[in-house]
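This is what each chain is made of:
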There are 6 protein chains.
Amino acid sequence: EDFQLRAYCHIDRMQPQFAAFIGTITQGDPVVEGWAALYVEMAPGNWVFPIVDRVVKSTDVRPGSQIVERHYGMFEVHSGSQADVLRAGEVVLEELGLVRADRMRPNVASVQVVTNVNPFQCQLLNRFNRGTMIVAGETMLVLEVEPAAYVTLAANEAEKAAPVRLNHFSSVGAFGRLWMSGTEADVLAARDAALTALASVDGVG
Amino acid sequence: EDFQLRAYCHIDRMQPQFAAFIGTITQGDPVVEGWAALYVEMAPGNWVFPIVDRVVKSTDVRPGSQIVERHYGMFEVHSGSQADVLRAGEVVLEELGLVRADRMRPNVASVQVVTNVNPFQCQLLNRFNRGTMIVAGETMLVLEVEPAAYVTLAANEAEKAAPVRLNHFSSVGAFGRLWMSGTEADVLAARDAALTALASVDGVG
Amino acid sequence: EDFQLRAYCHIDRMQPQFAAFIGTITQGDPVVEGWAALYVEMAPGNWVFPIVDRVVKSTDVRPGSQIVERHYGMFEVHSGSQADVLRAGEVVLEELGLVRADRMRPNVASVQVVTNVNPFQCQLLNRFNRGTMIVAGETMLVLEVEPAAYVTLAANEAEKAAPVRLNHFSSVGAFGRLWMSGTEADVLAARDAALTALASVDGVG
Amino acid sequence: EDFQLRAYCHIDRMQPQFAAFIGTITQGDPVVEGWAALYVEMAPGNWVFPIVDRVVKSTDVRPGSQIVERHYGMFEVHSGSQADVLRAGEVVLEELGLVRADRMRPNVASVQVVTNVNPFQCQLLNRFNRGTMIVAGETMLVLEVEPAAYVTLAANEAEKAAPVRLNHFSSVGAFGRLWMSGTEADVLAARDAALTALASVDGVG
Amino acid sequence: EDFQLRAYCHIDRMQPQFAAFIGTITQGDPVVEGWAALYVEMAPGNWVFPIVDRVVKSTDVRPGSQIVERHYGMFEVHSGSQADVLRAGEVVLEELGLVRADRMRPNVASVQVVTNVNPFQCQLLNRFNRGTMIVAGETMLVLEVEPAAYVTLAANEAEKAAPVRLNHFSSVGAFGRLWMSGTEADVLAARDAALTALASVDGVG
Amino acid sequence: EDFQLRAYCHIDRMQPQFAAFIGTITQGDPVVEGWAALYVEMAPGNWVFPIVDRVVKSTDVRPGSQIVERHYGMFEVHSGSQADVLRAGEVVLEELGLVRADRMRPNVASVQVVTNVNPFQCQLLNRFNRGTMIVAGETMLVLEVEPAAYVTLAANEAEKAAPVRLNHFSSVGAFGRLWMSGTEADVLAARDAALTALASVDGVG
């Protein structure tokens, strides 16, 4: 059997910038600060369609994304009620005949902190940023994790930990990637919170 | 030698929605219902360029697509004459020094049927659909096959078998993917026809 | 004073394809068949921002679009409750210090019916269609109305009147434009319903 | 003679967010905080090509944009030296045989302040924002001015006046439009600075 | 009656770069050097749909574009047979109940020649060029004409006259615009040929 | 340790079309003929961010691209001074604790020459070309190399060797790909120069 539960993680309370960023890039139902969400990634990708069907029919959540990329599929569902989102997660596992520990655990591929970012490097960063612009002179965090969907947990926990700016994250593909900026102290605190959150996710792998 | 003839398949008579969808997404010469087509996928990708050159010069077909993606290359040629398209297929094999049985055979990675599709799931599906919209309450077929180009055969044969709606298909990349919708009975009939067509393709693999 | 209430119209019950199409192109909160909506267009365009603010704060509707284009601004709000949407409309008028009859009335710039559409013309139509593909041989309705936002009323009423396919509509810009297809009888019935609905909208002009 | 010098304005010292935003959307040479720029808009649009040619050949500035839209043309040139940019402005006027007072003066079409922005309205705003996201609960400034290029002056002066966030501006088309957010007090200060700057621009009109 | 036949012009023999450029940007049936084409522009825009229908059904031409923009509609049809294209033109006029002299005649809004183009200006030009890149140091022609569709005639005749490079043209919108590059002598010859061709088009004005 | 220095190569003097093409597709600081550049590709992708930081701070180069794709990261820096670019290369190696020979060496996956290109194949090629259009009847070179960034060296050296047209190249992804066109003799000379340049790059592999 080739089925892989690549990522499975809960966002308990969306932080303000996290919610705003999801709203910016969403294809589906938009979200509000304080809401909860569930991110799930799997292979083969097309399995997301029956799983989303089951979840939206049996719980009171709405889907914000449902994406099939080169090798994997991922979806997000959310609600203002954390209990509904937890229940959605149980439905996913029941439907797949798995337990939570069958998920893959996150692997941090790289994490970097760059201080006093040069204006010409900023300019290139802002070309793809869809969140908050990075301004020259700030400190920047870049983090790369696989499976990709786990980057959402890292982003939300980092925002809880320090008043950094959420520049961008990408939670689809071979790697999840996160860009944040701020003062050096804040960025270091955000990094530590992101890494702690990722390390706390158990699973296979 | 690393050359792979990943996919090689004939569309004998393009169905109405199949032809309309190809016209919607085509980069090249558009097609008409009833015409025939040849889809070929290979690696390394750049081999498509000399092969298309040979085919369009030695037979009376026109190219509708010629795409080099991450790892593979694919092209489509078509004509109102099925004989011309069959001849084009022979030219491809001669040029490559292969026989038809050297092609890879299709592998169905997943196939799903979702009944009574939820409106919020529909909304996400329609964000990338370029064919006919799926409407809430319909039954949906999702099918994933590799190599990707074989999904064209599945789509065309499914449309022959039942009055389903062609929502979308993608025939480039690591997997080919197909979305259709309709009544449950029609979708099941379409699915069976698609799987039968794919199973009838011999090859290595 | 240059303020113009260019369009102001209610969609009482979104039809299935209308709802699916809005979901396909929406930038904001998605909609469901049977819900109600309010479309408003004005100049100067930036007036949409305080008006949407007032409406979403004082009534229980959600915004699906809020667009400022070359000369005009438009927004849409919706709800599963028709009463909420009617109340939203009252709030708009109160906020602007206007009554409904101060709106501009629709002017149909052109309306055309094309029978037995040629496959090559279909192909070009489908290049920009985001709704349901038109298939060669169908009859096609094309309708052009100003102000643009009134095309939504035409589309929804036409879908009520006959089992036509909603190919596309555009409700932003100098003109609203609508494309539908089906049998000739159905398309004529849809056209008549669209024109009747537009003629029933009073206003200045 | 139909020639119109629609806008002509200097940015003396690009503010941090202004520079970052220009870098985000630029088609040409990127800019750095503290640099100076010249924005010029004219009709017929194609006149921008010989004027940019003359300016970049006779002064030490680099072009960041050169755009011909529906009715007008606009360009931007910049330098780390304010003197070079002032000289570029003189070259433009000499080349056109005009004096500065021949420019059109800005006309503010609308200016709005919205407090405590609703999260669903935020979501729609962030869909087109390319600068810094607006977060629910902030106060928002929206400003609309013609000719469009003058919005750059409004944006830069507003950023000087108060620690607001630059969400987005558009300086091409029939109207220039600006979106900023922050606390109510900061947004009001930014608005006043923007209006004062626009009022200080003399010209015909 | 508001109907306007804004542009009506024949391309007798598509030049090599003209044909390649049309193929690059086409939404429909691609073209080949030496073929003939008819370009027609009208208002209201939606009239293009029944006119294209009539033309493709009664003559042996294929449509390459059919576009409705803010105020106008335009289409192109082509064939390897010049007689077929001439006949298509007659069908258009018959269908509209007009004669050729009822068309609007072209008005050249601006024409500029820039020698020894600066590399930074080239860079900005190449950002939107879809034809052949302009290389620094070349001489550039920029031409602006209304109605927009007449720019096709200017481009094709200019290419006949001199070995210039076709950088780009845009034949939809308020103005048609053309960019070519080469040696100064060649560009001047191309410009003269373009202006002569436009001046030879009679019509109302 | 998983770090890979996938590509590392210098462009000594950008040729005219090479520089124009880079300007066409650049996200960052534009370039001029005669300037030098350094292209570097690595995995994990996110390592590009600290490396670019170090390079732009310690040498007088500007970044033109900084891209993280599915598996790899790449960047380009450039300057009018070849010495500055050489120094930038040294900084990269020092920062990584590697020597030049630790880079991977290029592997040519395929190279093809197609003579007298058919107009319908040209049309498809021009759909993605961003450089100079290929015109029917020319001879075409297609080359595929991995790691992708080495295709830049192939393109620039080919342009030095013969007056071919640079149609397009892509230097990001699993493979770098290059398209050039011209007379057969010129294309063969360009091909040989490209292959010679790639063969001269030592490294692991």
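All residue numbers refer to position in the chain's written sequence, counted from 1. Following the order in which they are written, the chains are lettered starting with A and the ligands numbered starting with 1. Thresholds applied to this predicted model are a pLDDT of at least 70 for local features of residues and 80 or more for the giving and counting of side-chain atom pairs; totals over whole chains, interfaces and linings are not thresholded and use all residues. Hydrogen atoms and water are omitted, and side-chain values are computed over all heavy atoms in the structure.

**Digging into the overall build of chain A**
Turning to step 1, where the next piece is worked out: A tally of helices and strands in chain A yields six helices and eight strands.
Turning to step 2, where the next piece is worked out: Helices (α) and strands (β) of chain A occur, in sequence order from the N terminus, as β-α-β-α-β-β-α-β-α-β-α-β-β-α.
Turning to step 3, where the next piece is worked out: Here chain A has a C-alpha radius of gyration of 16 Å; the compact-globule value for 205 residues is 17 Å, and the two agree.
Turning to step 4, where the next piece is worked out: Every one of the 205 residues in chain A was classed for burial, and the buried ones make up 64%.
Turning to step 5, where the next piece is worked out: Expressed as a percentage of contacts within chain A between residues at least 6 apart in sequence, the contacts between residues at least 24 apart total 73%.
Turning to step 6, where the next piece is worked out: Note on areas: these come from Shrake-Rupley sampling with a 1.4 Å probe, and a residue is covered only by the protein chains present in the view. Here chain A displays about 6,500 Å² of accessible surface, and carbon together with sulfur accounts for 47% of that area.
Turning to step 7, where the next piece is worked out: The convention is simple: Lys and Arg are positive, Asp and Glu are negative, and His and the chain ends are not counted. Think of each charge as sitting on NZ of Lys, CZ of Arg, CG of Asp or CD of Glu. With 16 positive and 24 negative side-chain charges, chain A shows a separation of 3 Å between the mean positions of the two kinds. The numbering of helices and of strands both runs from the N terminus, where a helix is a DSSP run of H or I of at least 4 residues and a strand a run of E of at least 2. Between the two quantities, the radius of gyration covers C-alpha atoms and the globule rule is 2.2 Å times the number of residues to the power 0.38. A simple rule labels every residue: compare its accessible area, found with a 1.4 Å probe on the protein chains alone, to the largest value its type can have, and call it buried under 20%, exposed over 50%, or partly exposed in between. By the convention used here, residues are in contact when the closest approach between their heavy atoms is within 4.5 Å.

**Regarding unusual backbone geometry**
Turning to step 1, where the next piece is worked out: Omega for the bond connecting Ala43(D) with Pro44(D) falls within 30 degrees of zero, at 0 degrees, which places this linkage in the cis form.
Turning to step 2, where the next piece is worked out: Mapping Pro44(D) onto the fold places it in the loop between strand 2 (36-43) and helix 2 (48-58).
Turning to step 3, where the next piece is worked out: Non-glycine residue Asn116(E) carries a positive phi angle of around 50 degrees.

**With respect to the domain arrangement of chain A**
Residue and element names in this part refer to chain A.
Turning to step 1, where the next piece is worked out: What counts as a domain boundary in this text is fixed by an automatic or database domain assignment. Assigned domains within chain A: domain 1 (4-102) and domain 2 (107-199).
Turning to step 2, where the next piece is worked out: Here the C-alpha centroids of domain 1 and domain 2 sit 22 Å apart.
Turning to step 3, where the next piece is worked out: Opposite the 23 residues of domain 1 that make contact, domain 2 presents 24 residues.
Turning to step 4, where the next piece is worked out: Buried surface at the junction of domain 1 and domain 2, both sides included, amounts to about 1,900 Å², of which 62% is carbon and sulfur.
Turning to step 5, where the next piece is worked out: Each of two parts loses accessible area, computed with a 1.4 Å probe, when they are put together; buried area is these two losses added. By the criterion of area lost to domain 2, the three top residues of domain 1 are Gln17, Phe18 and Phe21, representing 31% of everything that side buries.
Turning to step 6, where the next piece is worked out: Any carboxyl oxygen of Asp or Glu that lies within 4 Å of a side-chain nitrogen of Lys or Arg is treated as forming a salt bridge with it. Our enumeration of links across domain 1 and domain 2 arrives at one salt bridge.
Turning to step 7, where the next piece is worked out: With a shortest N-O distance of 2.7 Å, Lys160 and Asp12 are connected by a salt bridge.
Turning to step 8, where the next piece is worked out: Pairs of N or O atoms are called polar contacts if they sit within 3.5 Å, as long as, within protein, a hydrogen donor faces a hydrogen acceptor (for residues adjacent in sequence, only side-chain-to-side-chain pairs). Inspection of the domain 1/domain 2 interface yields 10 residue pairs in polar contact (both at pLDDT 80 or more).
Turning to step 9, where the next piece is worked out: Broken down by secondary-structure element, the contributors of at least two residues to the side of domain 1 that touches domain 2 are strand 1 (4-11), helix 1 (16-25) and strand 2 (36-43).
Turning to step 10, where the next piece is worked out: No other element matches the seven residues that helix 1 contributes to the side of domain 1 that touches domain 2.
Turning to step 11, where the next piece is worked out: Any residue outside Ala, Val, Leu, Ile, Met, Phe, Trp, Tyr, Cys, Pro, Asp, Glu, Lys and Arg is labelled polar, Gly included; the first ten of those are nonpolar and the last four are charged. Taken together, the residues of the side of domain 1 that touches domain 2 break down into 14 nonpolar, four polar and five charged.

**Here's the deal with the sheet that holds strand 8 (residues 176-182) of chain E**
Turning to step 1, where the next piece is worked out: Strand order in the open sheet formed by four strands is 5-6-8-7 (chain E), with antiparallel pairing between adjacent strands. Strand pairing shows two members of the sheet lacking a second neighbour, strand 5 (107-114) and strand 7 (165-170) of chain E, which therefore form its edges. In this sheet, adjacent strand axes meet at a mean angle of 10 degrees when their direction is disregarded.
Turning to step 2, where the next piece is worked out: Taken together, the five bridges between strand 7 of chain E and strand 8 of chain E define a ladder with antiparallel strand orientation. The residue bridging Arg165(E) from the neighbouring strand is Ser181(E), located in strand 8 of chain E.
Turning to step 3, where the next piece is worked out: Helix axes are fitted to C-alpha atoms over the stretch in contact, other axes to C-alpha atoms as well, and angles between N-to-C directions run from 0 to 180 degrees. Strand contacts of helix 2 of chain D: strand 5, strand 6 (139-146) and strand 8 of chain E, with the helix running at about 20 degrees to strand 5 of chain E, the strand carrying the most contacts. At least two bridges found by DSSP between two strands is the condition for calling them paired.

**Quick notes on the pairing of strand 6 (residues 139-146) of chain A**
Residue and element names in this part refer to chain A.
Turning to step 1, where the next piece is worked out: In terms of residue burial, strand 6 counts as a mostly covered element, since seven of its eight residues are buried.
Turning to step 2, where the next piece is worked out: Bridge analysis of strand 5 (residues 107-114) against strand 6 gives seven bridges, and the strand direction is antiparallel. Residue Asn107 lies in a different strand from strand 6, and its bridge partner there is Glu146.
Turning to step 3, where the next piece is worked out: Bridging between strand 6 and strand 8 (residues 176-182) involves seven bridges; their strand directions are antiparallel. Across the sheet, the residue bridging to Val142 is Trp179, located in strand 8.

**Concerning the interface of chain F and chain A**
Turning to step 1, where the next piece is worked out: Residue-level contacts link 22 residues of chain F with 27 residues of chain A.
Turning to step 2, where the next piece is worked out: Of the roughly 1,900 Å² buried at the junction of chain F and chain A (both faces included), carbon and sulfur atoms supply 55%.
Turning to step 3, where the next piece is worked out: Scanning the region where chain F abuts chain A turns up one salt bridge.
Turning to step 4, where the next piece is worked out: Arg70(F) is the partner of Glu69(A) in a salt bridge, and the nearest nitrogen-oxygen pair spans 2.5 Å.
Turning to step 5, where the next piece is worked out: On inspection of chain F and its partner chain A, the count reaches 12 residue pairs in polar contact (both at pLDDT 80 or more).
Turning to step 6, where the next piece is worked out: If you list the elements that add at least two residues to the side of chain F that touches chain A, you get helix 2 (48-58) and strand 3 (62-68) of chain F.
Turning to step 7, where the next piece is worked out: A breakdown of the residues in the side of chain F that touches chain A according to their chemical character gives eight nonpolar, eight polar and six charged.

**Focus: helix 1 (residues 16-25) of chain D**
Turning to step 1, where the next piece is worked out: Of all 10 residues in helix 1 of chain D, eight are buried; the element is thus mostly enclosed.
Turning to step 2, where the next piece is worked out: Turning to helix 1 of chain D, its buried residues number three or more, namely Gln17(D), Phe18(D), Ala19(D), Ala20(D), Phe21(D), Ile22(D), Gly23(D) and Thr24(D).
Turning to step 3, where the next piece is worked out: The secondary structure elements touched by the buried residues of helix 1 of chain D are helix 4 (119-128) of chain A together with strand 1 (4-11), strand 2, helix 5 (151-161) and strand 7 (165-170) of chain D.

**Focus: the side chain of Ser171(C)**
Turning to step 1, where the next piece is worked out: Following the sequence through the fold, Ser171(C) ends up in the loop between strand 7 (165-170) and strand 8 (176-182).
Turning to step 2, where the next piece is worked out: Residues in contact with Ser171(C), not counting those within four places in the same chain, are Glu41(C), Met74(C), Ala148(C), Ala149(C), Val151(C) and Thr152(C).

**Describing the packing of helix 4 of chain A against helix 1 of chain D**
Turning to step 1, where the next piece is worked out: It is the contact of helix 4 of chain A with helix 1 of chain D, at a shortest axis distance of 8 Å, that shows an interaxial angle of 60 degrees. Taken as axis vectors, helix 4 of chain A and helix 1 of chain D run oblique relative to one another. For the pair helix 4 of chain A and helix 1 of chain D, the crossing hand works out as right-handed. Where helix 4 of chain A approaches helix 1 of chain D, its residues Gln123(A), Asn126(A) and Arg127(A) are matched on the opposing element by Ala20(D), Gly23(D) and Thr24(D).
Turning to step 2, where the next piece is worked out: The residue inventory of the contact of helix 4 of chain A with helix 1 of chain D, partitioned by class, reads one nonpolar, four polar and one charged. Angle categories are assigned with fixed cut-offs, so that under 35 degrees is roughly parallel, over 145 is roughly antiparallel, 65 to 115 is roughly perpendicular, and the rest are oblique. By definition, any crossing whose near helix is turned counterclockwise from its far helix by less than a right angle is left-handed, and any crossing with a clockwise turn is right-handed.

**Comments concerning the relation of the copies chain F and chain A**
Two copies of a chain can be linked by a rotation about an axis combined with a shift along that same axis.
Turning to step 1, where the next piece is worked out: When chain F is fitted to chain A, the best match, at an RMSD of 0.0 Å, comes from turning it 120 degrees and sliding it 0.0 Å along the axis. Viewed as a symmetry operation, the transformation between the two copies matches a three-fold axis. Within chain F, the C-alpha atom positioned nearest to the axis of rotation is that of Arg70(F), 5.7 Å from it.
Turning to step 2, where the next piece is worked out: A share of only 14% of the interface residues of chain F reappears at the interface of chain A, consistent with the copies meeting through non-equivalent patches. C-alpha atoms of residues with pLDDT of at least 70 in both copies form the basis for the least-squares superposition of the copies.

**A closer look at the sheet that holds strand 6 (residues 139-146) of chain D**
Turning to step 1, where the next piece is worked out: The strand order across the open sheet formed by four strands is 5-6-8-7 (chain D), and the pairing between neighbours is antiparallel. With one partner strand each, in any of the chains shown, strand 5 (107-114) and strand 7 of chain D form the two edges of the open sheet. Pairs of neighbouring strands in the sheet enclose a mean axial angle of 10 degrees, with direction left out of account.
Turning to step 2, where the next piece is worked out: On the sheet, helix 2 (residues 48-58) of chain C packs against strand 5, strand 6 and strand 8 (176-182) of chain D and is oriented at approximately 20 degrees with respect to strand 5 of chain D.
Turning to step 3, where the next piece is worked out: Packing against the sheet, helix 5 of chain D makes contact with strand 6, strand 7 and strand 8 of chain D, and its axis sits at approximately 15 degrees to strand 8 of chain D.

**Some points on the packing of aromatic side chains**
Residue and element names in this part refer to chain A.
Turning to step 1, where the next piece is worked out: Aromatic contacts are taken between Phe, Tyr and Trp rings whose centres are within 6.5 Å, Trp giving its six-membered ring; a plane angle under 30 degrees counts as stacked, one over 60 as edge-to-face, and the others as tilted. Counted according to the given criterion, the structure contains 36 aromatic pairs over all chains.
Turning to step 2, where the next piece is worked out: Relative to Phe169, the ring of Phe21 has its centre 4.8 Å away and its plane inclined at 50 degrees; by these criteria the two rings are tilted. Here Phe21, found in helix 1, pairs with Phe169, found in strand 7 (residues 165-170); they are 148 residues apart in sequence, far enough to count as distant.
Turning to step 3, where the next piece is worked out: Since its relative accessible area comes to 3%, Phe169 is described here as buried.
Turning to step 4, where the next piece is worked out: The rings of Phe18, Phe21 and Phe169 are connected pair by pair, giving a single aromatic cluster.
Turning to step 5, where the next piece is worked out: Positioned above the aromatic ring of Tyr72, the side-chain terminus of Arg6 is 3.5 Å from the ring centre. A positively charged side chain is recorded as over a ring if its NZ (Lys) or CZ (Arg) lies within 6 Å of the ring centre. The angle to the ring normal must also be within 35 degrees.

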